[in-house]
Amino acid sequence: MLAQRTVLFKSSGTAAASTAAKAVAASGKEIIDLTAGEIWSQTASSVREGAITAIDRNVNRYTDTLGLMELRRALARKISAETAQPWSADEIAVTSGAKQALFNAAMVLVNPGDEVLIPAPYWTTFPAQIIIAGGTPVFIETRHNNYVPTVSDLAAAVTAKTKAIVINTPNNPTGAVYARDTLSDMAQLAIDRGLWIIFDECYAAFAHAPHSHHPIVTVAPHARDRTLIVNSFSKSLALTGWRIGYLAGPKTVISAVKALQSHTTSNPNVIAQHALLHHLELGDATFQLQLQRRVADARTLGLSILSALTPVPTPAAQGGFYFYLDLTELQRRANYNSQEFNADDVVNALLMEAGVAAVSGTAFGDSAGVRLSYGVDLDLLDKALRRVTAILNTWQ
Ligand code: PLP
């Protein structure tokens, strides 16, 4: 008999979509997989060199739970440059990806019964981790405001039990990039109502002009003592499999995280730590710039193809590397003809009829959205999006 808590969560919806795509591919059908939350890329030579040198030096032992001090210092320098304010190593925990940073944050902040505000559609792991920590996610709908939560909607959802708000910009899955004023208003709400801010900026490297990413602590320095920054190198350096990220915030939180992490994973993989340290010490931005250029090219190509969609608006795709399709109008027309369907049906049709795997919005709490990743090879993206457009245009 499993623990009762196992009924509270199930496997990540995005992982399930990718598994479904692989199963269809295994049956012999050609599938173009646009489900992945990662960029197809080689590894930066700086990262490879750092890893290989560490292995050749026989590096094989535990580090401090929160990571190598030199790495924490290098991260402090990085965050100081990004936020235009000083950060020190004792405000930083190195984690096994952003996922562990978020998990640590949930476990050290959330008491059983606490509520946490999460703008919806949301990345599927946010509510799952809050629930595992014993809290209750409270979703704030954003579609009516171009996928940006309004402060009045957020304020209306605050209760005596509200402990924190999750802010994810650039947003997965919607691609929304929050403007300075929005972040400033959210920070003020958090201050007025005594809330923590969990600020996930994993896609910060991919804000597409004219949009730019703003760290909330830069916009609202007075909210820094209640903000936890979550970031990783999974997206910005295409290192999803290396599992390396960080949490930055007040020292009291970081020392609680140290105690927690000392009983869960201990330090993140030591070779990944050395690889990243070498990359940061070299300070060469060439690889990341190439990645950003590739993503920008994929976005331009994708938007030109998707602009031919007639029943679905061209997605804004302000940041990240996902096109998030809004099926509302398509559903409205289908309802009118008594042919109801939801995003799962669309994803299934795209898989079976177009051979394109996508993630249904139902994984993000939205039955009217479909997420297509454009972190893939350009030729495949071109082929896949032409098929998606052709099929959806027959549905009107
Ligand atoms: N936060 C968001 C918004 C994400 O989309 C993801 C991964 O898809 C993560 C965190 C987790 O990233 P990592 O691979 O660094 O754990």
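Let us look at the structure shown here. Because the structure is a prediction, the values reported are computed rather than measured. (Residues numbered from 1 in each chain as written. Predicted model: local features only at pLDDT ≥ 70, side-chain atom pairs only at ≥ 80, totals over all residues. Heavy atoms only, no water.)

## What to know about the packing of aromatic side chains
Applying the stated criterion to the full structure yields 11 aromatic pairs. A centroid spacing of 5.4 Å and a plane angle of 85° characterise the contact between W123 and F126, whose relative ring orientation is edge-to-face. As far as burial versus exposure is concerned, W123 and F126 are alike and both buried. Centroid distance F206 to F321: 5.7 Å. Interplanar angle 85°. Geometry classified as edge-to-face. Of this pair, F206 sits in the loop between β6 (196–200) and α8 (216–219) while F321 sits in the loop between α11 (286–306) and β9 (322–326), and the two are 115 residues apart along the sequence. For the pair formed by F206 and F321, the shared burial category is buried. (Phe/Tyr/Trp six-rings, centres within 6.5 Å; stacked < 30°, edge-to-face > 60°. Buried < 20%, exposed > 50% of the residue type's maximum accessible area, 1.4 Å probe, protein only. Helix = DSSP H or I, 4+ residues; strand = E, 2+ residues; numbered from the N terminus.)

## Quick word on the side chain of S80
Along the chain, S80 turns up in helix α3 (residues 69–83). Sequence-distant contacts of S80, defined by excluding residues within four places in its chain, comprise Q85, P86 and W87. (Contact = heavy atoms within 4.5 Å.)

## Regarding the sheet that holds β9
Pairing is antiparallel in the open sheet, where three strands are placed in the order β9-β12-β11. Of all strands in the sheet, those bounded by a partner on one side alone are β9 and β11 (359–360). Judged from the five bridges that link them, β9 and strand β12 (residues 369–373) form a sheet pairing that is antiparallel. Counterpart to D326 in the pairing with β12 is G369. (Pairing = 2+ DSSP bridges.)

## A word on the nonpolar core
Within the largest apolar cluster, 127 residues are counted, with the highest numbers of intra-cluster contacts made by L34, I167, I197, L247, L325, V370 and L372. Not counting residues within four places of it along the chain, the set of residues in contact with L34 comprises V356, A357, A358, R371, L372, S373, V376, L381, A384 and L385. Counting five residues, the second largest nonpolar core, distinct from the first, contains A21, V24, I31 and A357. (Core = buried A, V, L, I, M, F, W, Y, C linked by side-chain atoms within 4.5 Å.)

## Some remarks on the sheet that holds strand β5 (residues 162–168)
Pairing in this open sheet of seven strands is mixed, and the strands run β2-β8-β7-β6-β5-β3-β4 from one edge to the other. With one partner strand each, in any of the chains shown, β2 (92–95) and β4 (136–141) form the two edges of the open sheet. Here the average twist between neighbouring strands, direction ignored, is 20°. Bridge count for strand β3 (residues 115–120) against β5 is three bridges, and the pairing is parallel. Paired with V116 across the bridge in β5 is A164. Contacts between α3 and the sheet are confined to β2, β7 (227–232) and β8 (245–248), with β2 contributing the most and set at about 115° to the helix. (Axes fitted to C-alpha atoms, helices over the stretch in contact; angles between N-to-C directions.)

## Topic: a nonpolar patch on the surface
On the surface, V7, L8, F9, M107 and I132 cluster together into a nonpolar patch covering about 430 Å² of accessible area. Mapped onto the elements, M107 comes out in helix α4 (residues 97–109). The exposure class of M107 is partly exposed, given its relative accessible area of 35%. (Patch = residues over 30% accessible without salt bridge, like charges linked within 9 Å, V, L, I, M, F, W, Y side chains within 5 Å. Areas by Shrake-Rupley, 256 points an atom, 1.4 Å probe, with all protein chains shown as cover. Salt bridge = Lys/Arg side-chain N within 4 Å of Asp/Glu carboxyl O.)

Distances and angles like these do not, on their own, reveal function.
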